[in-house]
Amino acid sequence: MGSIMAFSVKPLYIATGLGLFFSCAALLYIPYILISKLYGFDELSGWASLIATVAFLGAYS
């Protein structure tokens, strides 16, 4: 009984590409967090930094 991964490495490349994309998106979210903190647009304390951390670390799983 084989799996999708047994026949091709393409799904692994796709998963790696998606992880890289979401990591870069999380890194681009950090300047938004800093600017919103600087101008006082922070609606809920701690929310933005938590989401940025979860998005960045979640992209690797």
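All values reported here derive from a predicted model rather than from experimental measurement.

A.B. asks: Just to check I follow, could you spell out the overall build of the protein for this structure?
C.D. replies: When you go through the protein residue by residue, the secondary structure sums to three helices and zero strands. Secondary structure elements of the protein, listed N to C terminal, follow the sequence α-α-α. Looking at the protein residue by residue over its 61 residues, the buried ones come to 13%. Counting every atom, the protein has about 5200 Å² of accessible surface; 75% of that belongs to carbon and sulfur.

A.B. asks: Teacher, can you tell me more about a nonpolar patch on the surface here?
C.D. replies: On the surface, Leu44, Trp47, Leu50, Ile51 and Val54 cluster together to form a nonpolar patch covering roughly 500 Å² of accessible area. Structurally, Ile51 is set in helix 3 (residues 47-58). A relative accessible area of 31% means that Ile51 is categorised as partly exposed.

A.B. asks: Please clarify how helix 2 (residues 10-38) should be interpreted in this entry.
C.D. replies: Because each turn of an α-helix spans 3.6 residues, side chains separated by three or four positions in sequence point in the same direction. Compared with an ideal rise of 1.5 Å per residue, which puts 29 residues at 42 Å, helix 2 spans 43 Å between its outermost C-alpha atoms and is within 8% of the ideal. Buried residues of helix 2: Gly19, Ser23, Ala26, Ile33 and Ser36, and no others. In this structure, the buried side of helix 2 is in contact with helix 3. A positive phi of about 80° marks Gly40, the residue just after helix 2.

A.B. asks: So what exactly am I meant to see when it comes to the side chain of Ser36 here?
C.D. replies: Of note, Ser36 is situated in helix 2. For Ser36, a relative accessible area of 9% gives the class buried. Within the structure, Ser36 has its side chain in polar contact with the backbone oxygen of Ile33 (distance 2.9 Å).

The rules behind these values
- Residues numbered from 1 in each chain as written.
- Predicted model: local features only at pLDDT ≥ 70, side-chain atom pairs only at ≥ 80, totals over all residues.
- Heavy atoms only, no water.
- Helix = DSSP H or I, 4+ residues; strand = E, 2+ residues; numbered from the N terminus.
- Buried < 20%, exposed > 50% of the residue type's maximum accessible area, 1.4 Å probe, protein only.
- Areas by Shrake-Rupley, 256 points an atom, 1.4 Å probe, with all protein chains shown as cover.
- Patch = residues over 30% accessible without salt bridge, like charges linked within 9 Å, V, L, I, M, F, W, Y side chains within 5 Å.
- Salt bridge = Lys/Arg side-chain N within 4 Å of Asp/Glu carboxyl O.
- Expected span 1.5 Å × (residues − 1).
- Contact = heavy atoms within 4.5 Å.
- Polar contact = N/O pair within 3.5 Å; in protein donor to acceptor, adjacent residues only side chain to side chain.

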